[in-house]
Amino acid sequence: MDIISQMQEQVNTIASIAFNTFGSLQRDAPPVRLSQNYPDPPPLPATNPPEDASNFPEQPKIMSAALVKAAKQFDALVAALPLAEGGEEAQLKRIVELQAENDAVGQELQRQLEAAEKELKQVQELFHKATDNCLNLKKPD
């Protein structure tokens, strides 16, 4: 997989971790009092507590560590990108060279395709002749 694809995958991973982190924190956070002027929030129902309610204080640490790790991996991928040498003019020159090389390879592939199609026609004609000969040599019933 090339670096750009790896970077895209890493951005998706970071987004997924962030989405899951925010969702988990929102879902599992205990209710808090907004102001002294408001009454205490109602207690959580005892019938359906979150699975990790006892581990809630550790969740932000674990999730933020995963997010930081993913961000560091992304930074490592960015650092692995090749540096642009010579500025924009050199890059445009390299693009023109690559396009010319691509055109040459495309023409060669086109010639090979045409030769393969010609050979296929010849093989098909020979096959038809061979099958006609086999059918014509068959004794009539």
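Residues numbered from 1 in each chain as written. Predicted model: local features only at pLDDT ≥ 70, side-chain atom pairs only at ≥ 80, totals over all residues. Heavy atoms only, no water.

(A) Spotlight on the overall build of the chain. Helix and strand counts for the chain stand at three helices and zero strands. Counting helices and strands in the order they occur from the N terminus, the chain gives α-α-α. For the chain, the residues scored as buried account for 9% of the 141 residues in total. For the chain, long-range pairs separated by at least 24 residues make up 76% of all intrachain contacts whose partners lie at least 6 apart in sequence. (Helix = DSSP H or I, 4+ residues; strand = E, 2+ residues; numbered from the N terminus. Buried < 20%, exposed > 50% of the residue type's maximum accessible area, 1.4 Å probe, protein only. Contact = heavy atoms within 4.5 Å.)

(B) Quick look at the pattern of salt bridges. Applying the stated rule across the entire model yields four salt bridges. In this structure, Asp28 engages Arg27 in a salt bridge whose closest nitrogen and oxygen atoms are separated by 2.6 Å. The exposure class of Asp28 is buried, given its relative accessible area of 5%. (Salt bridge = Lys/Arg side-chain N within 4 Å of Asp/Glu carboxyl O.)

(C) Representation of the UniProt feature "coiled-coil region" (unreviewed entry) in the chain in the model. When the UniProt feature table is mapped to this numbering, "coiled-coil region" (unreviewed entry) covers residues 95–133. A helix fraction of 100% and a strand fraction of 0% characterise residues 95–133, whose end C-alpha atoms lie 56 Å from each other. (UniProt positions renumbered as here; feature names shortened; annotations may be inferred.)

(D) Region of interest: the environment of Pro41. Along the chain, Pro41 falls in the loop between helix H1 (3–28) and helix H2 (59–80). If we ignore the near neighbours within four places in the chain, the residues touching Pro41 are Pro31, Val32 and Arg33.

(E) How the structure looks around H1. Compared with an ideal rise of 1.5 Å per residue, which puts 26 residues at 38 Å, H1 spans 37 Å between its outermost C-alpha atoms and is within 8% of the ideal. Taken together, the buried positions of H1 are occupied by Met7, Gln10, Ile17, Ala18, Thr21, Ser24 and Asp28. For H1, the secondary structure elements touched by its buried residues are H2. (Expected span 1.5 Å × (residues − 1).)

(F) Just the packing of H1 against H2, in detail. Two numbers describe how H1 lies on H2: the axes approach to 10 Å, and their chain directions differ by 165°. With respect to each other, H1 and H2 are oriented roughly antiparallel. Classified by chirality, the crossing of H2 by H1 is left-handed. Listed contacts from H2 to Ile3, Gln6, Met7, Gln10, Val11, Ile14, Ile17, Ala18, Thr21, Ser24, Leu25 and Asp28 of H1 are Gln59, Pro60, Met63, Ala66, Leu67, Ala70, Ala71, Gln73, Phe74, Leu77, Val78 and Ala80. Grouping the amino acids of the contact of H1 with H2 by side-chain chemistry returns 17 nonpolar, six polar and one charged. (Axes fitted to C-alpha atoms, helices over the stretch in contact; angles between N-to-C directions. Parallel < 35°, antiparallel > 145°, perpendicular 65-115°, else oblique. Left-handed = near helix turned anticlockwise from the far one by under 90°. Nonpolar A, V, L, I, M, F, W, Y, C, P; charged D, E, K, R; others polar.)

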